[in-house]
Amino acid sequence: MTKEQFAEVLAAQGISLTDRQKEQFDHFFRLLVEWNEKMNLTGITEEEQVYNKHFYDSITPAFYFPFDQVQSVVDIGGGAGFPSIPLKICFPHLKMTIIDSLNKRMSFLQHVAKELGLENVNPVHGRAEDRGQEAMYREKFDLVVARAVARLNLLSEFCLPFAKVGGHFVALKGAEITPELAEAKKAIKTLGGKTRKVETFQLLEEAGERNIVIMEKIEATPKSYPRKAGVPAKKPLV
């Protein structure tokens, strides 16, 4: 996907990029490649692949969820800034928090935000299980996003504690979501969530199937969740 095609497919979805936003995406690509030589951020570095598999993929939730109607967003396991940075570029009003357990990635994200002139980007080092129990972050966000971090039952325990009651959790998942949804049904209910819809689509240029799972937080998450760091992965809710 060329930069021009990227802008065109977003425009077709109602997201029209300004020249400044196009420059920000270009700058982000160059920073990603530059820093990737020093630290492992991504295995995808070819420009057209980055635009399709990272940038476009990160923005697809906005085709199904009204990002213009939320303010505070947290990206759990945000890593190299996906989906947080592309979403922030497209929706500059968002107050974006990015939580990741690798501290060196926080340096990269701080540098990206500064270089791109992005305000209200807050990279936070820590594990979701720990931060999700802290009053500063627990049930404080209109929207939680996560991309390809873990299976849905585990991911729900990482993410739903951050959403306000009445807020949402949007998970960016790969192909074959039905078994994961069935496996995660009890966990989602236990954590105060309810699955509202699942959108299935194909990435462009035959880059594979994707699923967007949209959950609403309908009840407060019980205080015992998330459990201590490492426990959810060893004993996922089923």
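Residues numbered from 1 in each chain as written. Predicted model: local features only at pLDDT ≥ 70, side-chain atom pairs only at ≥ 80, totals over all residues. Heavy atoms only, no water.

**Student:** Could you clarify how one ought to interpret the overall build of the protein chain in this entry?
**Tutor:** Counting secondary structure elements, the protein chain contains nine helices and seven strands. For a compact globule of 238 residues, the expected C-alpha radius of gyration is about 18 Å, and the protein chain comes in at 17 Å, within 12% of that figure. Structurally, the protein chain occupies a C-alpha span of about 45 × 35 × 30 Å along its principal axes. Looking at the protein chain as a whole, 54% of its 238 residues are labelled buried. Of the roughly 10,800 Å² of accessible surface on the protein chain, 48% is carried by carbon and sulfur atoms. (Helix = DSSP H or I, 4+ residues; strand = E, 2+ residues; numbered from the N terminus. Rg over C-alpha atoms; globule rule 2.2 N^0.38 Å. Buried < 20%, exposed > 50% of the residue type's maximum accessible area, 1.4 Å probe, protein only. Areas by Shrake-Rupley, 256 points an atom, 1.4 Å probe, with all protein chains shown as cover.)

**Student:** What should I look at first to understand the pairing of strand E3 (residues 121-125) in this one?
**Tutor:** As paired elements, strand E2 (residues 95-100) and E3 share five bridges and run parallel to each other. Across the sheet, residue threonine 97 finds its bridge partner in E3, namely asparagine 122. Between E2 and its parallel partner E3, the chain crosses via helix H5 (residues 103-116), and the hand of that crossover is right-handed. (Pairing = 2+ DSSP bridges. Right-handed = clockwise from strand over helix to strand, strands pointing away.)

**Student:** How do you make sense of the UniProt feature "binding site: S-adenosyl-L-methionine" (unreviewed entry) in the protein chain when you look at a structure like this?
**Tutor:** Here the UniProt feature "binding site: S-adenosyl-L-methionine" (unreviewed entry) sits at Gly77, Phe82, Ala128, Glu129 and Arg147. The buried category is assigned to glutamate 129, whose relative accessible area is 5%. Glutamate 129 has contacts with Phe158, Pro226, Arg227, Lys228, Ala229, Gly230 and Pro232, leaving out every residue within four places of it along the chain. Of the residues examined, arginine 147 reaches a relative accessible area of 17% and is grouped as buried. Non-local contacts of arginine 147, meaning those with residues more than four positions away in its chain, are made with Lys53, His54, Asp57, Ser58, Phe82, Pro83 and Leu172. Polar side-chain contacts of arginine 147 include one of 3.2 Å to the side chain of histidine 54. (UniProt positions renumbered as here; feature names shortened; annotations may be inferred. Contact = heavy atoms within 4.5 Å. Polar contact = N/O pair within 3.5 Å; in protein donor to acceptor, adjacent residues only side chain to side chain.)

**Student:** What is the right way to look at the environment of methionine 136 in this model?
**Tutor:** For methionine 136, the position within the fold is in the loop between helix H6 (128-131) and strand E4 (141-147). The exposed category is assigned to methionine 136, whose relative accessible area is 58%. Note: C-alpha distance between methionine 136 and glycine 208 (72 residues apart in sequence) is 38 Å.

**Student:** What is the right way to look at the nonpolar core in this model?
**Tutor:** Soluble globular proteins tend to bury their nonpolar side chains together. Ranked by internal contacts, the top residues of the largest apolar core, which has 52 residues, are Phe6, Ile85 and Phe108. Sequence-distant contacts of phenylalanine 6, that is, excluding residues within four places in its chain, are made with Met1, Leu17, Phe25, Tyr51, Phe55, Tyr56 and Ile59. Counting residues in each nonpolar core, the second largest holds 29 residues, with Ala128, Phe141, Ala146 and Ala171 among its members. (Core = buried A, V, L, I, M, F, W, Y, C linked by side-chain atoms within 4.5 Å.)

**Student:** Explain the pairing of strand E6 (residues 193-202) here, please?
**Tutor:** The two faces of a sheet get side chains in turn, since along a regular strand they alternate between them. Of the strand pairs in this sheet, E6 and strand E7 (residues 209-217) are connected by nine bridges, and their pairing is antiparallel. Residue phenylalanine 201 lies in a different strand from E7, and its bridge partner there is arginine 210. Between the antiparallel neighbours E6 and E7 lie six residues, among them glutamate 205 with a positive phi of about 60°.

**Student:** Could you clarify how one ought to interpret the sheet that holds strand E5 (residues 163-173) in this entry?
**Tutor:** Two pairing modes exist for strands in a sheet, parallel and antiparallel, and in both the strands are linked by backbone hydrogen bonds. Taken together, seven strands build an open sheet; the order of strands is E3-E2-E1-E4-E5-E7-E6 and the sheet is mixed. Two strands bound the open sheet, and with one partner strand each, they are E3 and E6. Within this sheet the neighbouring strands show an average axis-to-axis angle of 20°, counted without direction. In this structure, E5 lies alongside E7, joined through six bridges in antiparallel fashion. What sits directly across from leucine 172, in E7, is isoleucine 212. Contacts between H5 and the sheet are confined to E2 and E3, with E3 contributing the most and set at about 170° to the helix. (Axes fitted to C-alpha atoms, helices over the stretch in contact; angles between N-to-C directions.)

**Student:** Is there a simple way to think about the packing of helix H2 (residues 19-36) against H5 in this case?
**Tutor:** One can describe the packing of H2 onto H5 by two numbers: an axis separation of 10 Å at closest approach and a directional angle of 150°. Here H5 runs roughly antiparallel to H2, going by the angle between their axes. Crossing angle aside, the handedness with which H2 passes H5 is right-handed. When H2 is examined against H5, the residues Arg20, Gln24, His27, Phe28, Leu31, Leu32 and Trp35 are found in contact with a partner set consisting of Ser107, Phe108, His111, Val112, Glu115 and Leu116. Of the residues assigned to the contact of H2 with H5, the class counts are seven nonpolar, four polar and two charged. (Parallel < 35°, antiparallel > 145°, perpendicular 65-115°, else oblique. Left-handed = near helix turned anticlockwise from the far one by under 90°. Nonpolar A, V, L, I, M, F, W, Y, C, P; charged D, E, K, R; others polar.)

**Student:** I would appreciate a short explanation of the pattern of salt bridges in the present structure.
**Tutor:** Proximity of charged atoms lets side chains of opposite charge pair with each other. Summed over the entire model, instances satisfying the criterion amount to 15 salt bridges. Here glutamate 134 ties to arginine 131 by a salt bridge, and the two come within 3.0 Å at their closest N and O atoms. Judged by relative accessible area, glutamate 134 falls into the partly exposed class, the value being 29%. (Salt bridge = Lys/Arg side-chain N within 4 Å of Asp/Glu carboxyl O.)

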